[in-house]
Amino acid sequence: MDPVSLMLFIIAGGVLVGICVHFIPASAVGAMSASTGIATGPSMLSFGAGLTGILSASFALDSGPVAMLASGAAGSALMIVLTILGGNLVNAFGTGVPPVSGQTASGQSLLGSSTKDVITGWEQKPFVTPGTDGHGMPAQTAISGIIGGILGGVGGAMVFLGVHFLIVPISQETAAFSGMVAAGIFLINCVLPAYTLVGKTEGLFDRKMLTIPKTFLSCLIVSTFLALIIYSVSTYASMGAV
Amino acid sequence: MFQILLLGSALAGLLAFLAGIFENEDSDAGSASNPNSQVQLAPQIEHLHRYYNKAIAGEPPQNALWAALAATVAYILYTRIGLDPVPGVILGAVVGALITAILQGMYGSLAHISRIASMKNFKQMLYWDCLLSPLPLSMAYTFLTALCLTLLSFVIHGLLGSPFPVPLIAMFLGFTLGAIASSTGDVHYGAERLYQHYKFGSGIAISKQGDIDVKGEYGYRNSVDTPYFTLRFGGPVTGLTFGLLIFIDALSRISGSVWTSVILEFLIIALILIVIIFLEKYTRNRYGPFEEGK
């Protein structure tokens, strides 16, 4: 692939990473079972999933770009779905509360006034503990999390792939270097949506999905800037300037 | 080749399971993750406590740096000492984990003192025994976590054939484990252990936040008792989650074909999703809708 396409890969990957954070249900208050979502900050959780994806993608380094992207997506989605299972197990048997979506129960989600889970059709409202914003991860947020994991994994693998093939001509230790740079670009793009999500999101049906254009724009600007730096370094290094 | 991959997957799964348990107990003993907000809030509503609170960094980056430090030291020792691979890796990992534990002890002491000192306006006292009794426990858990993650990184690099160097794998795994522990096992600490004086299943309304249980089995509660409680459920669930992740990911690649691995992983994801939905149905039937006053 030519360097410009690889640079576009890094930009597209960075933007996908930013968008994936909107899909992964997470909330720090979830640690007290007081809010729907996986019990940690959305950015940190997405980064954890993304690193699993990059690690999975690295095993498929010699199998072509499509296999790498698929491998990254599978690794990230597996991490998210297992974390949702673990979180729900603790909520069910450790705390004694069923998974329920707080926003859907209060009729403030993107589903409008419906208070039912869109996948299972189960009523959410009576199961919410009063004074909380839901707890655990019901089916609709689990599906949203898997979609987020897939997007994040593909995004991380795209960045990894782009950086890897850009620096192949100039370095011996390409896998290690591109892994580190990909993780850095992933982290930057993961943290940016934190400004629009403000510590909490329920994923696909949360009203904060409407703020995706802001995330898209900020991630596009930052990823373009980062991709240009990597592109310039690799171009000048291959010319013998660095 | 097949046997090496099988051995690597089994070993990686076991090490990941143990690392998950130890990491969760370390964070619970030190109130290191999101529940630290409750420990920090308690003195502000006149609940003076004796918890050990070392939360001055997010759990994932903190754990990633401990793992990366231990793995870097281990890798340097392994390549410089010139022992056979197995004793060299084990010796290097033990020394790396020891250095990490000592550093974590220094970090934990200063973090706790500064955290408690910041609550001086609310008459929170700094009890030395509350620092000195859970500190060695927390350091021991960090030692075990760092040791398991370092060995796991060597297994993934050596037996499973990852192109990444050992310290980078350790950093990646440390971060992922921190994210998993902070979102699974810590719920058992934050929503149950800290609120044990409320009825099981009554939920933690926002208005109850900060009203943590400061009394323990023998007088005032000390953080050294926390892992005794969370080891029964929160720790094993964290270990199971991280262990399954590493084991399934490694085992799916055993055929050698990337596409077989991807298809297998997506099939397992679908299976886990079905389990999640059945679990939701089970808990809804078991606990029923919320009833006021019960």
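Before reading further, recall that the structure is shown in the block above.
Each value, and the rule that gives it
- Residues numbered from 1 in each chain as written.
- Chains lettered and ligands numbered in written order.
- Predicted model: local features only at pLDDT ≥ 70, side-chain atom pairs only at ≥ 80, totals over all residues.
- Heavy atoms only, no water.
- Helix = DSSP H or I, 4+ residues; strand = E, 2+ residues; numbered from the N terminus.
- Rg over C-alpha atoms; globule rule 2.2 N^0.38 Å.
- Buried < 20%, exposed > 50% of the residue type's maximum accessible area, 1.4 Å probe, protein only.
- Contact = heavy atoms within 4.5 Å.
- Areas by Shrake-Rupley, 256 points an atom, 1.4 Å probe, with all protein chains shown as cover.
- Lys, Arg positive; Asp, Glu negative; His and termini not counted.
- Charge placed at Lys NZ, Arg CZ, Asp CG, Glu CD.
- Pairing = 2+ DSSP bridges.
- 1 Å grid on protein atoms, 1.4 Å probe; cavity = no way out; pocket = protein on both sides within 12 Å on 5 of 7 lines; lining within 4 Å.
- Points joined across faces, edges and corners; volume = space filled by probe spheres on them.
- Nonpolar A, V, L, I, M, F, W, Y, C, P; charged D, E, K, R; others polar.
- Domains from an automatic or database assignment.
- Phe/Tyr/Trp six-rings, centres within 6.5 Å; stacked < 30°, edge-to-face > 60°.
- Buried area = accessible area lost by both parts, 1.4 Å probe.
- Salt bridge = Lys/Arg side-chain N within 4 Å of Asp/Glu carboxyl O.
- Polar contact = N/O pair within 3.5 Å; in protein donor to acceptor, adjacent residues only side chain to side chain.

Across its full length, chain B holds eleven helices and two strands. In chain B, the order of α-helices and β-strands from amino to carboxyl end is α-α-α-α-α-α-α-α-β-β-α-α-α. In terms of overall size, chain B behaves like a compact globule, its C-alpha atoms giving a radius of gyration of 21 Å where 294 residues would be expected to give roughly 19 Å. Projected onto its principal axes, the C-alpha positions of chain B cover 60 × 50 × 25 Å. For chain B, the proportion of its 294 residues judged to be buried stands at 55%. Restricting to contacts in chain B with at least 6 residues of sequence separation, those with at least 24 account for 78%. Entry remark: accessible area of chain B is about 12,300 Å², with carbon and sulfur atoms responsible for 71%. Charged side chains of chain B number 17 positive and 19 negative; the gap between the two group centres comes to 5 Å.

So, about the environment of Val191 of chain A. With respect to the element layout, Val191 of chain A can be found in helix H6 (residues 174-191). In this structure the C-alpha to C-alpha distance between Val191 of chain A and Met44 of chain A, which are 147 residues apart in sequence, comes to 7.9 Å.

Next up on the list: the pairing of strand E4 (residues 133-136) of chain A. In this sheet, E4 of chain A lies alongside strand E2 (residues 35-36) of chain A in parallel orientation, the contact comprising two bridges. Opposite Ser35 of chain A, over in E4 of chain A, you have Asp133 of chain A as the bridge partner.

Residues and elements named next belong to chain B. When its volume is computed, the largest pocket comes out at roughly 380 Å³. Every residue lining the largest pocket is counted, 16 residues in all, and those nearest its centre are Val86, Val89, Leu151, Phe154 and Val155. Secondary structure elements with two or more residues in the lining of the largest pocket: helix H1 (2-29), helix H3 (59-81), helix H4 (85-117) and helix H6 (134-158). For the lining of the largest pocket, the element with the highest residue contribution is H6, accounting for five residues. In the lining of the largest pocket, the residues fall into 14 nonpolar, two polar and no charged. Roughly 290 Å³ of internal volume is contained in the second largest pocket. What lines the second largest pocket is a set of 16 residues, among which Gly201, Ser202, Tyr287, Phe290 and Glu291 lie closest to the centre. Looking at side-chain class alone, the lining of the second largest pocket contains seven nonpolar, six polar and three charged residues. The residue makeup of the lining of the second largest pocket includes at least three contributed by each of domain 1 (2-254) and domain 2 (257-294).

The next point concerns the packing of aromatic side chains. Residues and elements named next belong to chain B. Inspection of the entire model under this criterion finds ten aromatic pairs over all chains. With a centroid separation of 5.4 Å and an interplanar angle of 80°, the aromatic rings of Trp66 and Tyr107 are classed as edge-to-face. Placement of the pair is Trp66 in helix H3 and Tyr107 in helix H4, with a sequence separation of 41 residues. The exposure class of Trp66 is buried, given its relative accessible area of 10%. With relative accessibility at 19%, the residue Tyr107 sits in the buried group. Ring centres of Tyr195 and Tyr198 lie 6.2 Å apart, and the angle between their planes is 35°; on these two criteria the pair is classed as tilted.

Facing 71 residues of chain B, the contacting portion of chain A comprises 78 residues. Interface of chain B and chain A: buried area, both sides summed, is about 6,200 Å²; carbon and sulfur atoms make up 77% of it. At the junction of chain B and chain A, the tally comes to zero salt bridges. In this structure, the connection of chain B to chain A is made through eleven residue pairs in polar contact (both at pLDDT 80 or more). Elements supplying a minimum of two residues to the side of chain B that touches chain A: helix H2 (36-41), H3, helix H7 (166-183), helix H8 (185-193), helix H10 (234-251) and helix H11 (258-287) of chain B. For the side of chain B that touches chain A, the element with the most residues is H11 of chain B, which contributes 20 residues. Of the residues that constitute the side of chain B that touches chain A, the class distribution is 43 nonpolar, 18 polar and ten charged.

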